[in-house]
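Each chain, written out:
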Amino acid sequence: MRIPLHRAALPASALALLIGGAVPAAAAPRSAPASHALAPDTVFYVDPDSDATHQALTDLKHHDLAGARDMAKLASWPEAAWFTGGTPAEVESQVRDLVRRAGRAKAVPVLVAYDIPLRDCSQYSAGGAQSDAEYRAWIDAFARGLGDSKAVVVLEPDGLANLPADCAPGADPTGEQTAGRLADLNHAVDALERQPNSVVYLDAGNSHWQSVGNAAQRLIDAGVGRAQGFSLNVSNYFATDRATRYGTWVSQCVWFATAGPEWARGHADWCASQYYSPAAPNDGQPGDAVDVEDPSTWHWTDQWFQQNVGSPSAGELAHFVVDTSRNGRGDWKPPVGKYSGDPQTWCNAPGSGIGDRPTANTGVPLADAFLWIKTVGQSDGQCNRSVPGGTVDPEYGVVDPAAGAWWPEQAASLVANAAPALTFNPARH
């Protein structure tokens with residue numbers, strides 16, 4: 001889950017027109033049917049056979065009562081279930097089994113479909129289907145497994161923020177792999193949306209990755225207009241308020257480029273971004289420079305959207321969900337100069353804590369839910385902070401577990417650092 005920085009500036013020739021342009025009348029609402037949306041009182045499914053449950057039993061067996069209690073607290077909260085491979089028959093059976101168990105519990109499961117070809121640029125979370133055809137057969141089976149059950153699906157984390165063309169310079173010289181990725185995601189959206197009660201979110205990365213315009217355009221290209229919306233911050237650590245502000249801009253940018261003023265159609269690249277707002281003087285005076293690390297400076301981007309997008313209703317805009325499983329203390333910033341290479345701030349960030357509890361009652365108009373999408377306590381991979389030849393993570397003094405492996409020490413740390421402090425889920429007690 002890397003976080004390269006990109007900037008999207010508005011062409012100077014269009015700036016004057018856009019800043020002074022009239023806000024158009026509202027476009028026709030795009031509200032999803034109730035069956036494809038989340039109600040604020042949605043109850044999410046808690047898996048009784050989770051990693052945290054097993055750890056609680058292990059701790060109890062070893063007479064670690066405090067540890068067992070912490071893990072029991074963690075186990076009382078809903079987390080997403082990840083589906084990362086297998087044959088079409090296997091994934092269909094596994095998905096059907098989960099949604100049936102959730103249905104019996106009168107709860108809504110959160111599922112992650114994570115099998116796109118060239119997944120994670122063949123890095124820590126490498127894997128995925130071997131071809132576009134294989135992937136489409138897999139996602140069709142995944143969709144069949146949903147049946148008519150109510151379910152949230154987070155579709156292919158990093159799949160859009162890390163396109164094949166982004167993997168390395170010259171990684172996709174003809175663009176064929178990137179075009180295949182977008183076609184696969186469009187196919188997946190349609191397959192999942194055919195199910196009568198699915199709630200589908202394409203993944204858009206996080207607020208420190210693609211610029212607003214880039215994220216919006218990629219979502220448009222992948223079919224977000226036919227889904228409920230998009231997901232943010234999956235497996236990352238950025239604070240919830242940053243994610244919701246960024247997500248609101250991305251949603252407004254999608255509207256601007258598809259349903260906004262005629263002169264804006266097809267121009268998501270004109271949207272102001274979290275990296276550089278063309279509305280800001282950027283003259284070095286206090287409050288005038290836009291700093292991606294300081295949301296208090298983002299008012300220039302807010303101003304651009306107020307002037308050029310106005311206030312479309314929530315029903316006209318794509319909605320989003322935010323992964324809050326590890327963002328209670330925000331993103332990790334290593335001491336300046338500690339690492340000469342990439343410190344891999346996205347990988348097993350030390351000192352992190354669980355964030356907002358899972359809920360569909362967020363208080364943010366476009367945020368359908370805060371969810372624990374990344375499994376709390378599972379490793380991001382074997383980080384080495386780019387130390388040449390290193391296998392040991394210098395932040396922990398050990399070789400980190402492989403991506404997706406349960407790491408008891410990290411789980412305990414995330415619980416201890418939770419903000420707000422972790423309690424038992426009142427809905428379960």
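Every value quoted in this text rests on a predicted model; they were computed, and no experiment measured them.

Draft legend 1. Broad picture of the overall build of the chain. Along its length, the chain carries 10 helices and seven strands. The globule rule puts the C-alpha radius of gyration for 429 residues at 22 Å, and the 21 Å found for the chain is close to it. C-alpha extents for the chain along the principal axes are approximately 70 × 55 × 45 Å. Burial statistics for the chain: of 429 residues in total, 53% are counted as buried.

Draft legend 2. Looking closely at the packing of aromatic side chains. Scanning all chains against the criterion turns up 12 aromatic pairs. Consider the rings of Trp138 and Phe142, whose centres lie 5.7 Å apart with planes at 45°: the pair is tilted. Taken together, the positions of Trp138 and Phe142, both in helix 5 (residues 132–146) and four residues apart, correspond to about one turn of that helix. On the basis of relative accessible area, Phe142 is assigned to the buried category, the value being 0%.

Draft legend 3. A look at the nonpolar core. With 73 residues, the main nonpolar core has Phe142, Leu146, Leu155, Leu202 and Phe305 as its most contacted residues. Top element by residues in this core is helix 8 (residues 240–258). It accounts for nine residues. Dropping the residues within four chain positions of it, Phe305 is found in contact with Val212, Trp249, Gln252, Cys253, Cys271, Ala272 and Gly310. Counting residues in hydrophobic clusters, the runner-up holds 17 residues, among them Phe44, Val321, Ala360 and Ala369.

Draft legend 4. Examining helix 3 (residues 65–75) more closely. Buried residues of helix 3: Gly67, Ala68, Met71, Lys73, Leu74 and Ala75, and no others. Next to the buried residues of helix 3 lie helix 2 (51–61) and helix 10 (408–416).

Draft legend 5. Local environment of the packing of helix 4 (residues 88–104) against helix 5. At a minimum axis distance of 7 Å, the contact between helix 4 and helix 5 shows a crossing angle of 25°. As judged from the angle between their axes, helix 4 and helix 5 are roughly parallel. Between helix 4 and helix 5 the crossing geometry is right-handed. Two secondary-structure elements touch here, helix 4 through Pro88, Val91, Glu92, Val95, Arg96 and Val99 and helix 5 through Ala137, Trp138, Ala141, Phe142, Arg144, Gly145 and Leu146. Each residue belonging to the contact of helix 4 with helix 5 can be placed in one class, and the counts come to nine nonpolar, one polar and three charged.

Draft legend 6. Quick peek at the confidence of the model for the chain. Per-chain confidence: the chain averages 90 in pLDDT, with 92% of residues scoring 70 or above. Overall, residues 1–29 carries pLDDT values under 50, and its contacts beyond four positions in sequence, including any with other chains, amount to 71 contacts.

Draft legend 7. The arrangement of the UniProt feature "active site" (unreviewed entry) in the chain in detail. The sites that UniProt annotates as "active site" (unreviewed entry) are Asp120. Mapped onto the secondary structure, Asp120 falls in the loop between strand 2 (110–113) and helix 5.

Draft legend 8. Representation of the sheet that holds strand 5 (residues 229–232) within the structure. In spatial order, the strands read 1-2-3-4-5-6-7; together these seven strands make up an open sheet with parallel pairing. What marks the edges here is a single partner per strand, and that holds for strand 1 (81–83) and strand 7 (367–371). The mean inter-strand angle of the sheet, taken between neighbouring strand axes irrespective of direction, is 25°. Sheet topology note: the strand 1/strand 2 ladder contains three bridges and is parallel. Counterpart to Trp82 in the pairing with strand 2 is Val112. Contacts between helix 6 (residues 176–193) and the sheet are confined to strand 3 (151–155) and strand 4 (198–203), with strand 4 contributing the most and set at about 165° to the helix.

Draft legend 9. Just unusual backbone geometry, in detail. With an omega of 5°, the peptide bond between Ala419 and Pro420 qualifies as cis. By the secondary structure assignment, Pro420 is in the segment after helix 10. Positive phi, normally seen in glycine, also occurs at Asn233, with a value near 70°. Tracing the backbone shows Asn233 in the loop between strand 5 and helix 8. Owing to a relative accessible area of 2%, Asn233 belongs among the buried residues under this scheme.

Draft legend 10. Highlighting the pattern of salt bridges. Scanning the entire structure with this criterion turns up 16 salt bridges. In this structure, the salt-bridge partner of Asp47 is Arg101, at a minimum N-O distance of 3.9 Å. Taken together, the residues span a long stretch of sequence, with Asp47 in the loop between helix 1 (12–20) and helix 2 and Arg101 in helix 4 at a distance of 54 residues. Since its relative accessible area comes to 31%, Asp47 is described here as partly exposed.

Cut-offs applied
- Residues numbered from 1 in each chain as written.
- Predicted model: local features only at pLDDT ≥ 70, side-chain atom pairs only at ≥ 80, totals over all residues.
- Heavy atoms only, no water.
- Helix = DSSP H or I, 4+ residues; strand = E, 2+ residues; numbered from the N terminus.
- Rg over C-alpha atoms; globule rule 2.2 N^0.38 Å.
- Buried < 20%, exposed > 50% of the residue type's maximum accessible area, 1.4 Å probe, protein only.
- Phe/Tyr/Trp six-rings, centres within 6.5 Å; stacked < 30°, edge-to-face > 60°.
- Core = buried A, V, L, I, M, F, W, Y, C linked by side-chain atoms within 4.5 Å.
- Contact = heavy atoms within 4.5 Å.
- Axes fitted to C-alpha atoms, helices over the stretch in contact; angles between N-to-C directions.
- Parallel < 35°, antiparallel > 145°, perpendicular 65-115°, else oblique.
- Left-handed = near helix turned anticlockwise from the far one by under 90°.
- Nonpolar A, V, L, I, M, F, W, Y, C, P; charged D, E, K, R; others polar.
- pLDDT = per-residue confidence, 0-100.
- UniProt positions renumbered as here; feature names shortened; annotations may be inferred.
- Pairing = 2+ DSSP bridges.
- Salt bridge = Lys/Arg side-chain N within 4 Å of Asp/Glu carboxyl O.

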